[in-house]
Amino acid sequence: MAFSQPFFKKIKMTRSELISKLLTIHHNLTSKQVEKIVDLIFDGISNALAEQKRVEIRGFGSFFVKERQSKQSRNPRTGKVILVENKTIPFFRTGKELRNRLNLSQAN
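From a predicted model like this one, the values you see are computed outputs, not experimental measurements.

Undergrad: Account for the overall build of the chain, naming residues and giving values.
TA: Counting its regular elements, the chain contains 3 helices and 5 strands. Along the chain direction, N to C, the helices and strands of the chain fall in the order α-α-β-β-β-β-β-α. Taking all 108 residues of the chain together, the buried fraction comes to 13%. Considering only contacts in the chain between residues 6 or more positions apart, those separated by 24 or more positions represent 31%. Summed over its atoms, the accessible surface of the chain is roughly 9,600 Å², and 55% of this surface lies on carbon and sulfur atoms.

The following block contains the structure:
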């Protein structure tokens, strides 16, 4: 499967970069206040997912979990058959507004 070049761009935003960006927009808040806000949001999403709840942020997307059933697989190094246990995996589905925004930026 071939992907277009923009898919592999090495651009990322870390938690500290997000906090710095928010500080440039909200001059009236301190670094500690913005850090606390970001932590509260991430903790809220994480806690809801841990409780098997769906988190929906209108226009942005939704976070939810899926259960993966146990299965037999092979160790690629040894070829030995192993049992992979049940897993709970987090997923993110983009909202319509975010999807439109991303597709708009690719058209330019």
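Undergrad: Give a detailed account of the nonpolar core, specifying residues and quantitative values.
TA: In terms of nonpolar packing, the biggest core is built from 6 residues, these being Ile45, Ala48, Leu49, Val55, Phe63 and Val65. Elements represented by at least two residues in this core include exactly α2 (31-50) and β2 (61-68). By residue number, the principal contributor to this core is α2, which donates 3 residues. The residues contacting Val55, other than those within four sequence positions of it, are Ile45, Ala48, Gly61, Ser62 and Phe63.

Undergrad: Hey, could you go over the side chain of Ser62 for me, with residue numbers and the actual values?
TA: By the secondary structure assignment, Ser62 is in strand β2. Side chain to side chain, Ser62 and Arg54 meet in a polar contact 3.2 Å long.

Undergrad: I'd like a rundown of the environment of Asn86, residues and numbers included.
TA: Relative to the helices and strands, Asn86 is located in the loop between β4 (81-84) and β5 (87-94). Sequence spacing of Asn86 and Glu67 is 19 residues, and the spatial spacing of their C-alpha atoms is 7.1 Å. Ignoring anything within four residues of it in the chain, the contact list for Asn86 reads Arg68, Gln69 and Ser70.

Undergrad: Describe the pairing of β4, with residues and values.
TA: Relative to β4, strand β3 (residues 71-74) runs antiparallel, the two being bridged by 4 bridges. Bridge pairing links Gln72 to Leu83 in β4. Between β3 and β4, which pair antiparallel one after the other, the connecting turn spans 6 residues, and Gly79 there sits at a positive phi close to 80°.

Undergrad: Could you give an account of the sheet that holds β2, with specific residues and numbers?
TA: Taken together, the 3 strands give an open sheet; going across it, the order is β1-β2-β5, and neighbouring strands pair in antiparallel fashion. The sheet is open, and its two edges are formed by β1 (55-57) and β5, each paired on a single side. The sheet shows a mean angle of 25° between the axes of neighbouring strands, direction not considered. When β2 meets β5, the two strands line up antiparallel, connected through 8 bridges. Along β5, the bridge assignment pairs Val65 with Pro90. Along the sheet face, α2 touches β1, β2 and β5 and points at about 35° away from the line of β2.

Calculation criteria
Residues numbered from 1 in each chain as written. Predicted model: local features only at pLDDT ≥ 70, side-chain atom pairs only at ≥ 80, totals over all residues. Heavy atoms only, no water. Helix = DSSP H or I, 4+ residues; strand = E, 2+ residues; numbered from the N terminus. Buried < 20%, exposed > 50% of the residue type's maximum accessible area, 1.4 Å probe, protein only. Contact = heavy atoms within 4.5 Å. Areas by Shrake-Rupley, 256 points an atom, 1.4 Å probe, with all protein chains shown as cover. Core = buried A, V, L, I, M, F, W, Y, C linked by side-chain atoms within 4.5 Å. Polar contact = N/O pair within 3.5 Å; in protein donor to acceptor, adjacent residues only side chain to side chain. Pairing = 2+ DSSP bridges. Axes fitted to C-alpha atoms, helices over the stretch in contact; angles between N-to-C directions.

In short, shape yes, function no, at least from these values alone.
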